[in-house]
Amino acid sequence: MKKFMIFALCTIFLFAACGSAVSIVIPADLLGSDDPQTMADQFTGTDGIKKVSVNDDNSITMVVTEEKYEQQLSSIEETIVSMYETVGVEGGFFETVTGFDYNDDYTTLVFTVNREALEEASDTEKTSIEQVIYIARLYRVFALENDEIITVKFVDEATGAVYEVKEYTAAGEVSTEDATL
């Protein structure tokens, strides 16, 4: 997962840009176990990034040009759409996920799963699902809506019932509810 997070963040910042500035705060939780200063140093001097600083809570504040901001947001959205195509019913990427859907602002993600298989699934399978959630959280950061709740629902394909609901902000998971109670 760590390599994926670094890849996702670095991919987003490879575009050159110019224009007025936008300030983006990337929560420490989205940086994974990487040293925030090391991450900040990697982004310093990148085209379109005017300033990078590490905050007291280990989040990173980046001041980027407006054009770079738009490119980053678009890049994240393209990644979500690509994941939808990979994870979705036609993709067959996961053994346990039989369907995946989301709303227009990526605040609701719905995974239809073979519940029994998911509970027995490998860590790789579960981590891959977390990566999809990570990208949605990253989108909320770049949409400048860090406090927006992202609701993730898990639907049992056998019953059609939602059996688990998780809520996240960009900074991390805020609640988990067993919907079968």
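The model shown is predicted, which means the values in this text are computed figures rather than measured ones.

**What about the overall build of the protein chain?**
Secondary structure assignment for the protein chain yields 5 helices and 8 strands. Ordering the α and β elements of the protein chain from the N terminus gives α-β-α-β-β-α-β-β-α-α-β-β-β. Of all 181 residues assigned to the protein chain, the portion counted as buried reaches 43%. Residue pairs in contact within the protein chain that sit at least 24 positions apart in sequence constitute 59% of those at least 6 positions apart. For the protein chain, the exposed surface amounts to about 9100 Å²; the carbon and sulfur share of it is 47%.

**Quick word on the sheet that holds strand S2 (residues 49–54)**
The strand order across the open sheet formed by 3 strands is S1-S3-S2, and the pairing between neighbours is antiparallel. In this open sheet, the two strands that pair with only one neighbour each are strand S1 (21–26) and S2. Neighbour to neighbour, the strand axes of the sheet diverge by 15 degrees on average, direction disregarded. Where S1 lies against strand S3 (residues 60–65), 6 bridges are found, and the strand directions are antiparallel. Each residue of the ladder has a partner; that of Ile24, found in S3, is Met62. Strands in contact with helix H2 (residues 36–43) are S2 and S3; relative to S2, the strand with the most contacts, it is inclined by about 170 degrees.

**Some details on the environment of Leu138**
With respect to the element layout, Leu138 can be found in helix H5 (residues 123–142). For Leu138, a relative accessible area of 0% corresponds to the buried category. For the pair Leu138 and Thr169, spaced 31 residues apart in sequence, the C-alpha to C-alpha distance is 9.7 Å.

**Observations regarding the confidence of the model for the protein chain**
Looking at the protein chain as a whole, the pLDDT averages 80, with 84% of positions reaching at least 70. The spread of mean pLDDT over the elements of the protein chain runs between helix H1 (residues 2–12), the lowest at 47, and strand S6 (residues 150–156), the highest at 94. Confidence drops under pLDDT 50 across residues 1–7; counting only partners more than four residues distant or on other chains, this segment forms 15 contacts. Confidence drops under pLDDT 50 across residues 10–19; counting only partners more than four residues distant or on other chains, this segment forms 35 contacts.

**Observations concerning the side chain of Ser59**
By secondary structure assignment, the location of Ser59 is in the loop between S2 and S3. The class of Ser59 is buried, set by a relative accessible area of 4%. Within the structure, Ser59 has its side chain in polar contact with the side chain of Asn55 (distance 2.8 Å). Here Asp57 takes part through its side chain, which lies 2.5 Å from a polar atom of the side chain of Ser59. Excluding residues within four positions of it along the chain, Ser59 makes contact with Val25, Ile26, Pro27, Ala28, Ser53 and Val54.

Analysis parameters
- Residues numbered from 1 in each chain as written.
- Predicted model: local features only at pLDDT ≥ 70, side-chain atom pairs only at ≥ 80, totals over all residues.
- Heavy atoms only, no water.
- Helix = DSSP H or I, 4+ residues; strand = E, 2+ residues; numbered from the N terminus.
- Buried < 20%, exposed > 50% of the residue type's maximum accessible area, 1.4 Å probe, protein only.
- Contact = heavy atoms within 4.5 Å.
- Areas by Shrake-Rupley, 256 points an atom, 1.4 Å probe, with all protein chains shown as cover.
- Pairing = 2+ DSSP bridges.
- Axes fitted to C-alpha atoms, helices over the stretch in contact; angles between N-to-C directions.
- pLDDT = per-residue confidence, 0-100.
- Polar contact = N/O pair within 3.5 Å; in protein donor to acceptor, adjacent residues only side chain to side chain.

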